[in-house]
Amino acid sequence: MDQAGAEPERGPAFTYVPPSHARALDPDNSVVQGIRGSGKSFWWAHLTSEPHRRFIRGAFPEVRFDPDLRVVQAFGAQPSSENAPSQAVLAALIRDFPARAIWRAVCAAKVEFAAPFPQGDWQARVAWVHENPEAFDTLLTQADRELESRNQTLVVLFDALDRLADDWPSIRPLARGLLQTALDLRATRRIRFKVFVRPDMLQDRDIIGFPDASKLLAREAKLAWRRADLYALLFQCLGNSEQGGDSFRSLSCVTANMHWKRENFGGGDAWSIPAPLRTDEGLQEQLFIALAGKAMASGPSGYKRGKPYTWLVNHLQDGLDQVSPRSFFAALREAADRTPDESPLALDYRAIQAGVQAASQIRVNEITREDYPWVDLVMQPLRGKLTVPCTMTDIENMWSQAGTLESLREELKRTTHVVKLPPQSLNEGADGVLKDLAALGLINRLSDQRVQMPDVYRIAFGLGRRGGVKPLK
C-alpha cells in the first residue's frame, strides 16, 4: 500500500477492494477520509490506470465504474506543476488570488477549456479564472453538457493535502478552497473532484467551516479496514505472487477447501480470491494457522497468549480502533524476514512480535516526524518511566517535573516547526493535551478513567505494559 509516485507500482492482480470501500471509490463521493497508510495515495495513483479500473470493474462489480469513466490526477505527491500547481507555485499564487480561484483554474485545465482560457502557466490560468467568473461558468456548463452527451463522467483526484504548504496556517485556506470548489462542482452532472484527506483535517473548523460544507461531508466515505479486509488483501497478494503463488493457492485448497479461479478482466490474467475468503473470518483463520500456527507462545498453554490471526491485528489497532494496511504489511514483512529458515511455519510467533515492534516504530515516526512533532516533545518525559494503564495524575506529575507543557508553549511562540499541526486544547493544560492525544488515537480512557496506550504506539514510545510486548529502547 506504500505508493510513492504517480504511476501504479504493481499490476492489477495485486489490487483488492474491501466491500466497504466501494462507496469511497464511487465517483459521486467527493471526500474520502483515511488515516496514514490506509490507501489514499494508492487510489490516487491506481484509479487513473485503465487496466486497474478494468480489473476492479470485473473482479469487484460492487464498485460503480462506468466503462466511459475518465479519471485524471491533479494535486498529489508530485514535485512538478504538470498536473496542478506544486507547493512552491501555490505559495506564490495564494499571495495574489483566492484559493477557490486556484482550484477552479485546475478544474478548467483538467476539463480542457478552450480559448479564451490560457494554456500557459498557472499564474495566467488562475488570473483568467479570477478576472472572468462569468466566462468560466459558461465554459464549465458547455464542458459538462459535452460530457453528458458522451455519457462520460470526469473525476479529478487530489491527495497529500498536508503538502499543500509547509505549515498549518498556510494549508488551511488552500484545503478549504479545494473543498469549496468540490462542493461547487456538485452542481454539474458530469464533473467531480475526489479529495483524499486525513481525518484531522476534517476536524479543523477553519477548513470545513464554510457554508453548506455539511452537504459535501454528508457523502464523505472512509477507507476503513476491518480485520477480514486486511487478511483478504494479504491473501489476494499471496495468491498472485510470482514466487510462491502456486504453493499458497494449493495450501488454501488443502486447508480451507478454497479453489482459486484465473480470470482476465481486460487488465491481464489474475487469480481471484475465492469469495468466502474475503469475509469469512473462520476460513481466513484456518488458512492463517497454516502460515503462523495456532498460538502466540510455545507449549501446551501457548494459546493463552493469544492466536496469531487476532493477536496481530489487535496489537496494530490505534485508540480509534483503526489499523492501516501499511502497518499490517510492515509487521508481516518483518516477521517473514525474522522467521528462522528451520521454522516449520512461514511466520514464527516471536517474529510476529518483532514485526509489531517494527510497525510501531514506523507509525510513531510518521506521527512525530511528519504530522505532529509536538507529540514527541510530550512523550519524551514518559519514555522508560511509565507503565500503562496509568492514572492521569502519573502523567501530569512527570510532565510537571520535566516542565513539558511550559516547553511546548515556548516552542509554540518560537517556531512553527514543532507545532506544524498544533495541539488544539493546550490551553486546558495536561487534561487538554491528553484530550488531543486521544483524538489522534494515541491513547484512550478506560472505564475507570485510567489512561491506556495501544501497542502500536506504546512500544515505540518506550512505555511498559505488564505482560505486553517489550517496548523499544
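On a predicted model such as this, the values are computed, not experimentally measured, just so you know.

About the thresholds
- Residues numbered from 1 in each chain as written.
- Predicted model: local features only at pLDDT ≥ 70, side-chain atom pairs only at ≥ 80, totals over all residues.
- Heavy atoms only, no water.
- Buried < 20%, exposed > 50% of the residue type's maximum accessible area, 1.4 Å probe, protein only.
- Helix = DSSP H or I, 4+ residues; strand = E, 2+ residues; numbered from the N terminus.
- Arc of directions from axis to C-beta.
- Contact = heavy atoms within 4.5 Å.
- Core = buried A, V, L, I, M, F, W, Y, C linked by side-chain atoms within 4.5 Å.
- Pairing = 2+ DSSP bridges.
- Axes fitted to C-alpha atoms, helices over the stretch in contact; angles between N-to-C directions.
- Parallel < 35°, antiparallel > 145°, perpendicular 65-115°, else oblique.
- Nonpolar A, V, L, I, M, F, W, Y, C, P; charged D, E, K, R; others polar.
- Salt bridge = Lys/Arg side-chain N within 4 Å of Asp/Glu carboxyl O.

(A) Examining helix 3 (residues 50–59) more closely. Where helix 3 is concerned, the buried positions are His-52, Arg-53, Phe-55, Ile-56 and Ala-59. An end-on view of helix 3 places all buried positions within 160 degrees of arc, on one side of the element. Taken together, the buried residues of helix 3 touch helix 2 (40–46), strand 2 (70–73), helix 12 (227–239), strand 7 (269–272) and helix 14 (276–279).

(B) Up close: the nonpolar core. Residues Phe-288, Leu-312, Phe-328, Val-375 and Trp-399 are the most contacted members of the largest nonpolar core, which totals 100 residues. Once you skip the residues sitting within four places of it in the chain, Trp-399 turns out to touch Val-378, Pro-381, Leu-382, Thr-404, Leu-405, Ala-430, Val-433, Leu-434 and Leu-437. The next biggest cluster of nonpolar side chains, apart from the first, holds 54 residues, and it includes Phe-136, Ala-143, Leu-154 and Trp-168.

(C) Broad picture of the pairing of strand 4 (residues 191–197). Counting buried residues in strand 4 gives seven out of seven residues, a clear majority hidden from the surface. In this structure, strand 1 (residues 31–33) lies alongside strand 4, joined through three bridges in parallel fashion. What sits directly across from Val-32, in strand 4, is Phe-196. In terms of strand pairing, strand 3 (residues 154–158) meets strand 4 through five bridges, oriented parallel. Residue pairing across strands places Leu-157 opposite Lys-194, the latter belonging to strand 4.

(D) Region of the structure containing the packing of helix 6 (residues 122–131) against helix 7 (residues 133–149). Viewed as axis vectors pointing N to C, helix 6 and helix 7 meet at an angle of 100 degrees, and their least axial separation amounts to 5 Å. It follows from the interaxial angle that helix 6 and helix 7 lie roughly perpendicular. Here Trp-128, Val-129, His-130 and Glu-131 of helix 6 come into contact with helix 7, specifically with Pro-133, Ala-135, Phe-136 and Leu-139. The residue inventory of the contact of helix 6 with helix 7, partitioned by class, reads six nonpolar, one polar and one charged.

(E) Here's a closer look at the side chain of Arg-249. Along the polypeptide, Arg-249 turns up in helix 13 (residues 245–256). For Arg-249, a relative accessible area of 11% corresponds to the buried category. Beyond its immediate chain neighbours, meaning those up to four positions away, Arg-249 contacts Gly-239, Met-258, Trp-260 and Trp-271.

(F) Region of the structure containing the pattern of salt bridges. Applying the stated criterion across every chain, the model contains 34 salt bridges. Between Glu-50 and Arg-54 there is a salt bridge, and its shortest N-O distance comes to 3.6 Å. Of the two residues, Glu-50 and Arg-54 both sit in helix 3, four residues apart, roughly one turn of that helix. Accessibility expressed as a relative area gives 26% for Glu-50, which makes it partly exposed. Classification of Arg-54 as partly exposed rests on a relative accessible area of 27%. For the salt bridge of Asp-200 with Arg-198, the shortest nitrogen-to-oxygen distance reads 3.1 Å. Just as Asp-200 is buried, Arg-198 falls in that class too. Bridged by salt links that share partners, the residues Arg-36, Asp-162, Arg-198, Asp-200, Glu-370 and Asp-371 form one connected network.

Nothing here speaks to function; it is all geometry.
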